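# Per-entry structural report
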Amino acid sequence: MTVQDTLQDRVAIVTGAAQGIGRATALRLAAEGAVVTCADIRDCAETVALADKEGGRAAAVELDVRRAADWERAVTAVVAEHGRIDLLANVAGVVNLLSPDTVVDLTEDAWQVVIDTDLKGVWLGMRAVIPQMVAGGGGRIVNISSMAALRGLPNLASYSAAKAGVVGLTQQAAFEYAEQGILVNAIAPGTIDTPILAEITDEMREANANAHLIRRLGRPEEIAAMAAYLFREGGFQTGQTVPVDGGWAAKGNF
Ligand SMILES: NC(=O)c1ccc[n+]([C@@H]2O[C@H](COP(=O)([O-])OP(=O)(O)OC[C@H]3O[C@@H](n4cnc5c(N)ncnc54)[C@H](O)[C@@H]3O)[C@@H](O)[C@H]2O)c1
């Protein structure tokens, strides 16, 4: 077994770790022995307590992924405490709840919030962490995109643009840093049952569930499992966006 075949003592940062997919990812990495920094604009105390209960090692840091200074502070603190950073999961994200999200009706302010969080946040995270990975001889990054990056969907104009940007940026970072031993991949989830769905009606939940060949919503743990695979195994995998979509993209309009 090579050192990348286990996450024991790997030093990880997970954004969006206060809830949903980010929390599930942080808990999965901690359960596999990684030392996890849970980063979010929300309080990650509950995630840290859950990791602790399972015997995992996790700590919380307040971080707005849109702010370069926050990244600088968080990375400096993690390196000061643990000496390196091996893994980065860029999970934090938002959908536009500020305005309609169609090409014509979308407002500039709403566009900016989504692009800044879902795309610029991923770039700032990689920009802050990659030099530490280079210094440490390598690392792995998993960015969360969406199937909305790959197909047209109702009312997701800014979101699909941001998530398609993540696909491109993932490929570019993989291209630039493969020689330094850094593998960069993205995951494109189908519809996953997390608090991000809080605003949708029961009818929409059911329609979303039935849009998958596997007729239910995905679970955050199912995205975390793919992230863990990409972090722990997946040694011949880089620059890719991997769908975990319950067969959503394979389904015809029948
Ligand atoms: N749930 C789905 O159906 C689905 C599908 C495809 C992709 N995704 C993506 O998965 C990721 C996680 O989504 P989720 O469903 O767990 O959503 P969620 O709303 O449950 O969690 C998102 C987390 O990101 C944090 N966050 C938001 N803005 C932030 C910022 N500026 N800085 C730091 N943290 C911030 C929130 O506080 C929250 O804890 C997002 O990038 C989302 O776009 C979700």
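Located above this text is the structure these notes cover.
Residues numbered from 1 in each chain as written. Predicted model: local features only at pLDDT ≥ 70, side-chain atom pairs only at ≥ 80, totals over all residues. Heavy atoms only, no water.

Moving on: the pattern of salt bridges. The full count for this structure, using the stated rule, is 13 salt bridges. R232 serves as the salt-bridge partner of E32, at 2.6 Å between the closest nitrogen and oxygen. In this pair, E32 sits in the loop between α1 (20-31) and β2 (35-40) while R232 sits in helix α7 (residues 220-232), placing the two residues 200 residues apart along the sequence. There is no split in this pair, since E32 and R232 are both buried. D70 is the salt-bridge partner of R67, the closest N and O atoms lying 3.2 Å from each other. (Salt bridge = Lys/Arg side-chain N within 4 Å of Asp/Glu carboxyl O. Helix = DSSP H or I, 4+ residues; strand = E, 2+ residues; numbered from the N terminus. Buried < 20%, exposed > 50% of the residue type's maximum accessible area, 1.4 Å probe, protein only.)

With that out of the way, let us pick up the site of the ligand. Residues in contact with the ligand amount to 29 residues; listed here are only the nearest, I21, D40, Y159, I192 and T194. At 3.1 Å, a side-chain N or O of R42 approaches an oxygen atom of the ligand. Contacts to the ligand include D64, whose side-chain N or O atom sits 2.9 Å from a nitrogen atom. Surface burial for the ligand is 95%, taken as the share of its 830 Å² of free accessible area covered by protein chains. (Near = heavy atom within 4 Å. Polar contact = N/O pair within 3.5 Å; in protein donor to acceptor, adjacent residues only side chain to side chain. Areas by Shrake-Rupley, 256 points an atom, 1.4 Å probe, with all protein chains shown as cover.)

A word on the packing of α1 against helix α2 (residues 45-53). At their nearest, the axes of α1 and α2 sit 10 Å apart, and the two run at 30° to each other. Comparing their axes, α2 and α1 come out roughly parallel. The handedness of the crossing between α1 and α2 is right-handed. Counted together, R23, A26, L27 and A30 of α1 and E46, T47, L50 and A51 of α2 form the full contact between these two elements. Residue composition of the contact of α1 with α2, by class: five nonpolar, one polar and two charged. (Axes fitted to C-alpha atoms, helices over the stretch in contact; angles between N-to-C directions. Parallel < 35°, antiparallel > 145°, perpendicular 65-115°, else oblique. Left-handed = near helix turned anticlockwise from the far one by under 90°. Contact = heavy atoms within 4.5 Å. Nonpolar A, V, L, I, M, F, W, Y, C, P; charged D, E, K, R; others polar.)

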